[in-house]
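Each chain, written out:
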Amino acid sequence: MSNPRVLCLGEVLFDCLADQIGLKLEEVKSWTPYPGGAPANVACALVKLGTPAGFIGAVGEDEPGKQLVQILQDTGVDTTGVQHKPTAPTRQVYVVRDLSGDRSFAGFGKYDTSEFADTRLQAQQIPESLFIDADFLVSGTLELAYPESEAAIHQALKLAEQYDLKMILDVNWRPVFWQDADVAKQKIQALLPRFDFLKLTKEEAEWLFNTSDPGAITYRVNSLDGVLVTDGENGCAYCLGENEGKLPAFAMPVVDTTGAGDSFLAGFIHQLHQSGINSLREAETAKRVVTYASAVGGLTTIKPGAIASQPTPAEVDAFLADHQL
């Protein structure tokens with residue numbers, strides 16, 4: 001897909017989901033790989049909703065890497081920004097699930113976290129051409145954990161500032177990617193003033209700010225146009241412009257929550273791209289945008305896998321027509 005309007009920077013990987021739920025890592029008998037990685041999930045969900053998106057990241061020159069790039073391309077995601085690393089494997093993450101479908105990250109198999117291809121993303125190889133026509137840059141924080149990919153994040157932010165893109169940070173805190181949680185917190189907090197929107201879970205908000213109140217966070221980081229705080233089945237809270245609110249979650253027959261937050265963010269950006277940021281000044285519009293995002297996130301939980309389960313615009317519209325928060 002040419003001229004992506006949203007660029008998603010970070011990791012693409014396989015989530016290896018435990019086939020047996022409710023068991024510990026060492027007790028699991030078999031695993032099923034699903035394509036994932038938060039920025040890749042956001043890019044795919046955006047394209048499915050109708051907003052052109054591109055992915056910037058690195059994979060190994062191995063079978064998993066080839067499969068993931070093919071999935072991105074088959075979905076319609078622009079892969080001009082994908083780098084291929086012959087000496088590093090494509091990341092695979094092992095994910096165990098509890099009896100209610102909630103997942104937790106259980107490690108990386110035989111590799112150390114710093115050995116994977118996504119950590120080798122090169123700043124100088126990020127195509128400047130992608131930024132010329134784009135409107136948004138979405139970045140995670142996992143690549144801050146590694147020197148080369150950290151430099152790539154800073155280069156992307158520099159290009160985004162140069163071409164006047166709106167920048168969205170998805171905190172996506174995963175301790176297993178980091179050696180030191182305090183270093184992680186410092187690096188993430190140092191980046192916050194460069195972003196326009198911040199999306200984080202309730203746990204991440206409390207970890208970074210000692211509060212999950214989006215208004216308080218917006219006040220603390222006074223460069224932000226908006227803050228979204230998600231809390232799974234408890235819904236979400238938001239501060240967009242001058243408008244603050246809380247929305248309950250839609251009741252869903254949950255199968256797998258992997259990627260639900262990424263779909264939520266994609267739904268938000270899709271609406272933002274259609275309506276324009278200035279529309280968030282209207283309380284009803286802000287609420288409608290977050291309601292749409294909640295529906296996209298909720299619909300992603302009713303099937304396994306982060307990308308395969310993402311809804312189409314027709315499915316979201318039909319769901320919203322039948323369900324009111």
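Above this text sits the structure in question.
Residues numbered from 1 in each chain as written. Predicted model: local features only at pLDDT ≥ 70, side-chain atom pairs only at ≥ 80, totals over all residues. Heavy atoms only, no water.

A.B. asks: Where do I start with the pairing of strand 2 (residues 13-18) in this structure?
C.D. replies: Residues in a regular strand point their side chains to alternate faces of the sheet. Most of strand 2 sits inside the fold, with six of its six residues counted as buried. When strand 2 meets strand 3 (residues 31-36), the two strands line up antiparallel, connected through six bridges. By the bridge assignment for strand 3, Cys16 is matched with Pro33. Note that strand 2 and strand 6 (residues 92-97) share four bridges and pair parallel. Bridge pairing links Cys16 to Tyr94 in strand 6. (Buried < 20%, exposed > 50% of the residue type's maximum accessible area, 1.4 Å probe, protein only. Helix = DSSP H or I, 4+ residues; strand = E, 2+ residues; numbered from the N terminus. Pairing = 2+ DSSP bridges.)

A.B. asks: Any chance you could explain the environment of Val229 here in plain terms?
C.D. replies: Mapped onto the elements of the fold, Val229 is located in strand 11 (residues 226-230). Assessed through its relative accessible area of 4%, Val229 is described here as buried. For the pair Val229 and Pro214, spaced 15 residues apart in sequence, the C-alpha separation works out to 6.5 Å. When neighbours within four sequence positions are excluded, Val229 is seen to be in contact with Leu200, Thr201, Lys202, Ala205, Ser212, Pro214, Ile217, Gly235, Cys236 and Ala237. (Contact = heavy atoms within 4.5 Å.)

A.B. asks: Would you explain the side chain of Asn243 in this entry?
C.D. replies: Note that Asn243 resides in strand 13 (residues 243-247). Judged by relative accessible area, which is 13%, Asn243 ranks as buried. The residues touching Asn243, leaving out its near neighbours within four places in the chain, are Tyr238, Leu280, Arg281, Glu282, Ala283 and Ala286.

A.B. asks: How should I be thinking about the nonpolar core in this particular structure?
C.D. replies: Nonpolar side chains in soluble globular proteins tend to be buried together. Membership of the largest hydrophobic core comes to 49 residues, with the highest contact counts inside it found for Phe131, Leu137, Leu198 and Leu200. If you look at the next biggest cluster of nonpolar residues, it comprises 40 residues, including Ala40, Ile269, Val289 and Ile307. (Core = buried A, V, L, I, M, F, W, Y, C linked by side-chain atoms within 4.5 Å.)

A.B. asks: Explain the pairing of strand 9 (residues 166-170) to me, please; I cannot follow it from the model alone.
C.D. replies: Most of strand 9 is tucked away, with four of its five residues classed as buried. Relative to strand 9, strand 8 (residues 136-139) runs parallel, the two being bridged by four bridges. From the neighbouring strand, Val138 faces strand 9, where its bridge partner is Ile168. Where the polypeptide runs from strand 8 across helix 4 (residues 147-162) and back to strand 9, its parallel neighbour, the crossover connection is right-handed. (Right-handed = clockwise from strand over helix to strand, strands pointing away.)

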